[in-house]
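Remarks on the overall topology
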Amino acid sequence: PFVPQTHSLQDLRQQAAVAAKVFIQRDYTNGTLCQFQTKFPSELETRIDKQQFEETVRTLNNLYAEAEKLGSQSYIEGCLACLTAYTIFLCMETHYEKVLKKIAKYIQEQNDKVYAPRGLLLTDPIERGLRVIEITIFEDRSLTQ
Amino acid sequence: MHLGESTRECEYSQISTRSSTPMETPYKKKTQKKRKWETFPGRNKFYCDGRIMMAKQTGVFYLTLVLILVTCGLFFTFDCWFLAEQLTPIIPVIGGVLFLFVIGTLLRTSFSDPGVLPRATPDEAADLERQIDVANGSTGYRPPPRTKEVVINGQTVKLKYCFTCKIFRPPRASHCSLCDNCVERFDHHCPWVGNCVGKRNYRFFYMFILSLSFLTVFIFAFVITHIILNSQRIGFLSALKDSPASVLEVVVCFFSVWSIVGLSGFHTYLISSNQTTNEDIKGSWSSKRSKDNYNPYSYGNIFTNCCAALCGPLPPSLIDRRGFIQSDAPQLAPPTNGIPMYGSTQSQQSHMCDQDQCIQSTKFVLQVATTPLLQQQSSEPVILTPENGASIPGRTSLALGGPCTSLPMGQPTPPASTPSLSCHEATDLLPVHGHPHNHSHPLQEQVAHHHFLTPEEVPSPPGMLHCGSPLGHSHTMQGSFYNPASQDSLHEDSVRGLVKLSSV
């Protein structure tokens, strides 16, 4: 039975070598909304279980859907912005930006709790232009040595 | 939060190892950190340390600005006094508000990021290439076709692979040849605002043309009123002599009204049906293509479509213009995915802006050099037919102040599938004419005035186009290697590319 060694983020950053990178692509079946495919990549099979992974991706998808949701709040924000000739965004953050901050926090939390201990690292999709979720797989040196 | 920050730093350092050149790194340690806009691979201009982003050719934008400022300046200086006294002082106030709104939205449209998609990192590009190879199998004689099909709300949509940006374009995205970027929800490249119009600035663009319509109608109406009222007192000719500026204003406004009001109407139609100019011109969702063809992005009713386009959430810019490029590099194992080491081709291309482009284009060149090229799916055309180039100077004098009407330099025409559009642009201008382009909407006539970038579906070799770029773009290396003349459509397009070369 495979018992993964736990790593801290510090260890990963300083000592571990990158073995491979997996890219979770976008899922366009619902149009241009930002959603990622929940298909479990085969390279991660030995590192993390499917449920955990799918839950992460689903939560991210829900967060992005919330960011782009067309509701009364976004309409009010849009109209207000239009009336103030969009100068309001000089002092206020858009709803989308607020949700992106939430997403960044969530990813960091997932990395700390779930992914780093298994030698994996999630990259925030915003740093990849919302094209992919990049998962870096680190070599498990403690097992090879 | 410290760990989180170090994670972020870690990621940024990992990226920069692959995107900054090995030769630059020791140099950078001594100099100040650069911001990302300074090494942006697209053909954009940046001002105010990355806060402002525009297309490369901004001459026409300054023309637009000057026209608006001069006309409004003349209006406020010469006509407003008379009107304020004779009628009501509210007139200059409304004029002032409209003017400020027009300038505000114009600047917002021109200076903001239209929704540029950042190019793929080398790892992503390699991963995609691998997936494409696996999916299609190497046939040995042709590079695999690079399209993906996806079903959106019941409609099958083809996603095309962008050779420049090394990504599969999201639906509704297009590659702008003038700016050399993929833009999300690409509408068109507007030379009058000096920028692409895409997802992030479409609402500002619409507000701009709408408010400009009101402003031109407003000025036109009140200048005429001024002249009429004045001529009742002192006679028509003396009224004209009294305020010659009014005559100029009337002329400018008269010609602007037709194009701008028409354009506003056209875009109102586009917004209410949730289409982009690109899609409308190609008839992507037209029911004339097939019986089951419908727009999968439309929300079903006009109100929701309008709200979504104008008041929906504004996504942030995906290109981090003002972020710093991190130059420190952690230890990394050599990549196991078959990409050659990043420093290897650097010495040959040290003047190029993006290392990953160099690597990928070298790899692509090697692939392509031994195979005749199939490029039915490649989609980065910039086409300029001679008749358009020749006839345009006469037209611009008529279409003053009209945003998005055709222009002489570097203006692409719509694709070969709608040749009637480009032919008609050469001959007819404002009057309504029998338009062979099958579109039932009455405002479609205005479309004839527009040169749009419709980069998709026109077969053309990507390398040829990049070869055509007058800049030392990294893909010129690519273009010099291959031989596109093996197929008729390629030949036609290479001729077009050459025409573009000669006209630019």
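Attention in this report is confined to the structure presented alongside it.

Conventions adopted
- Residues numbered from 1 in each chain as written.
- Chains lettered and ligands numbered in written order.
- Predicted model: local features only at pLDDT ≥ 70, side-chain atom pairs only at ≥ 80, totals over all residues.
- Heavy atoms only, no water.
- Helix = DSSP H or I, 4+ residues; strand = E, 2+ residues; numbered from the N terminus.
- Polar contact = N/O pair within 3.5 Å; in protein donor to acceptor, adjacent residues only side chain to side chain.
- Contact = heavy atoms within 4.5 Å.
- Buried area = accessible area lost by both parts, 1.4 Å probe.
- Salt bridge = Lys/Arg side-chain N within 4 Å of Asp/Glu carboxyl O.
- Buried < 20%, exposed > 50% of the residue type's maximum accessible area, 1.4 Å probe, protein only.

**Thoughts on the side chain of Gln275(B)**
Residues and elements named next belong to chain B. Its location among the elements puts Gln 275 in the loop between helix H8 (244-272) and helix H9 (277-282). A distance of 3.4 Å separates the side chain of Gln 275 from the side chain of Tyr 269, its partner in a polar contact. A polar contact of 3.1 Å, which involves the side chain of Gln 275, links it to the side chain of Ser 273. If we skip the residues at most four places from it in the chain, Gln 275 touches Arg 172, Arg 185, Tyr 269, Leu 270, Asp 280, Trp 285 and Asn 295.

**A look at the interface of chain B and chain A**
Taken residue by residue, the interface counts 52 residues in chain B and 49 residues in chain A. Summing both partners gives a buried area of about 4,100 Å² for chain B against chain A, and 63% of it is carried by carbon and sulfur. The partner of Arg131(A) in a salt bridge is Glu124(B), with the nearest N and O atoms 2.8 Å apart. Connecting chain B to chain A are four residue pairs in polar contact (both at pLDDT 80 or more). Taken together, the elements giving at least two residues each to the side of chain B that touches chain A come down to helix H1 (2-19), helix H4 (90-111), helix H5 (122-136), strand S4 (147-152), helix H6 (202-234) and helix H10 (302-311) of chain B. A per-element tally of the side of chain B that touches chain A places H1(B) first, with 11 residues.

**Digging into the pattern of salt bridges**
Oppositely charged side chains can form a pair if their charged atoms are brought close together. Tallied over the entire structure, the rule returns 17 salt bridges over all chains. Residues Lys21(A) and Asp123(B) are paired through a salt bridge, measuring 3.0 Å at the closest nitrogen-oxygen approach. Of this pair, Lys21(A) sits in strand S1 (residues 18-25) while Asp123(B) is found in helix H5, placing the two residues in two different chains. As far as the burial class goes, Lys21(A) and Asp123(B) line up, both buried. One network of salt bridges, with partners in common, ties together Lys21(A), Arg128(A), Arg131(A), Glu134(A), Asp123(B) and Glu124(B).

Read these as layout, nothing more, since geometry by itself doesn't imply function.
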